[in-house]
Amino acid sequence: MAQICSNVLAATCNPNAIRPDLAKAAPGSGWIARQIGRWLFAPKRRNAAMSLSLTPWMPNAFNPFRVESSDASFIDACYLKAPAPRENALPVLITHGWRETKASYRHVAEWFACRGHDVILIDLRGHGRSGGDAVTFGVRERHDIRLVIDHAISQGWIADRVLSFGHSLGGSTMLLHAAMDDRVAGVIASCPFADIRTAIRSFHRLWAPWVNLDWAMRGIEDAAHTLGFDLDEASPR
């Protein structure tokens, strides 16, 4: 193990190339790359608790519900009826960022509701109270969003036109979904990524510049392949 660590440190001194004399470290570097991929696609869940209690400025309660996804997982969401619905105000779907939950955006939901919009808050798969053990960065999540809209329409909560709001992972997911669902009238995307590989390189520079980028990217590609999706499908542009 000490030899593997030594080789990894030596290789990361030059992130653009792996020296031939480090070839024996391939098993160890492959393991490290796979762990990076698993960490990215299976983030540790944060506390999913969300207070559904009423507040002085929001007399209507959140209505929790779940929909079953296409791969037998489930998506947890909440519907909030605007206290004073405004004519022609479209309902707003809200999604969160990586390792966040819908609870983090209750204030955003209430902001829209106070302005006459009905709201649906969603826990993306692999986050919060939703099922699923893996995040696919919008590839499967976009289909989950479609199912949430289908359910809300079937319940009579909303009509067939919506606005979408999402931050980071949620923003990119909403853009991917809008490209395949003409019921979306508009998207508010806060800090989305346009290209997943560019986003990975940016996070690499910010969080782990000492890790060899080629190894990290290979591990992420392998993890995506194991989960059954193409990494490049997660690019909205």
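As the structure is a prediction and not an experimental result, all values here were calculated from the model.

Colleague: Any chance you could explain unusual backbone geometry here in plain terms?
Modeller: A negative phi angle is the norm for most residues apart from glycine, just as the trans form is the norm for most peptide bonds. Here S168, not a glycine, exhibits a phi torsion of approximately 55°, which is positive. Among the secondary structure elements, S168 is positioned in the loop between β5 (162-167) and α5 (169-178). Although it is not a glycine, C191 sits at a positive phi angle of roughly 55°. According to the relative accessible area criterion, C191 is exposed, its value standing at 56%.

Colleague: Looking at this structure, I do not really get the packing of helix α6 (residues 196-207) against helix α7 (residues 213-227). What am I missing?
Modeller: Running from amino to carboxyl end, α6 crosses α7 at an angle of 135°, the nearest separation of the two axes being 11 Å. Relative to α7, the element α6 lies oblique. Handedness of the α6/α7 crossing: right-handed. In this structure, α6 contributes R197, I200, R201 and H204 to the contact, and α7 contributes L213, M217, I220 and E221. A breakdown of the residues in the contact of α6 with α7 according to their chemical character gives four nonpolar, one polar and three charged.

Colleague: What exactly am I supposed to notice about the packing of aromatic side chains here?
Modeller: Each aromatic ring pair is specified by the distance between its two centres and by the angle formed by the two planes. Counted according to the given criterion, the structure contains nine aromatic pairs. Note on F41 and F137: the rings are 5.7 Å apart at their centroids and 80° apart in plane angle, and the pair reads as edge-to-face. Placement of the pair is F41 in helix α2 (residues 26-41) and F137 in the loop between β4 (119-122) and α4 (141-154), with a sequence separation of 96 residues. When its relative accessible area of 3% is taken as the criterion, F41 is described as buried. In this structure F137 comes out as buried when scored by relative accessible area, which is 7%. Here W111 and F112 contribute two aromatic rings whose centre-to-centre distance is 5.2 Å and whose plane-to-plane angle is 90°, an arrangement assigned as edge-to-face. One aromatic cluster in this structure is built from F41, F137, F193 and F229. Over the ring of W98 we find R99, and its NZ or CZ is 5.9 Å from the ring centre.

Analysis parameters
- Residues numbered from 1 in each chain as written.
- Predicted model: local features only at pLDDT ≥ 70, side-chain atom pairs only at ≥ 80, totals over all residues.
- Heavy atoms only, no water.
- Helix = DSSP H or I, 4+ residues; strand = E, 2+ residues; numbered from the N terminus.
- Buried < 20%, exposed > 50% of the residue type's maximum accessible area, 1.4 Å probe, protein only.
- Axes fitted to C-alpha atoms, helices over the stretch in contact; angles between N-to-C directions.
- Parallel < 35°, antiparallel > 145°, perpendicular 65-115°, else oblique.
- Left-handed = near helix turned anticlockwise from the far one by under 90°.
- Contact = heavy atoms within 4.5 Å.
- Nonpolar A, V, L, I, M, F, W, Y, C, P; charged D, E, K, R; others polar.
- Phe/Tyr/Trp six-rings, centres within 6.5 Å; stacked < 30°, edge-to-face > 60°.
- Lys NZ or Arg CZ within 6 Å of the ring centre and 35° of its normal.

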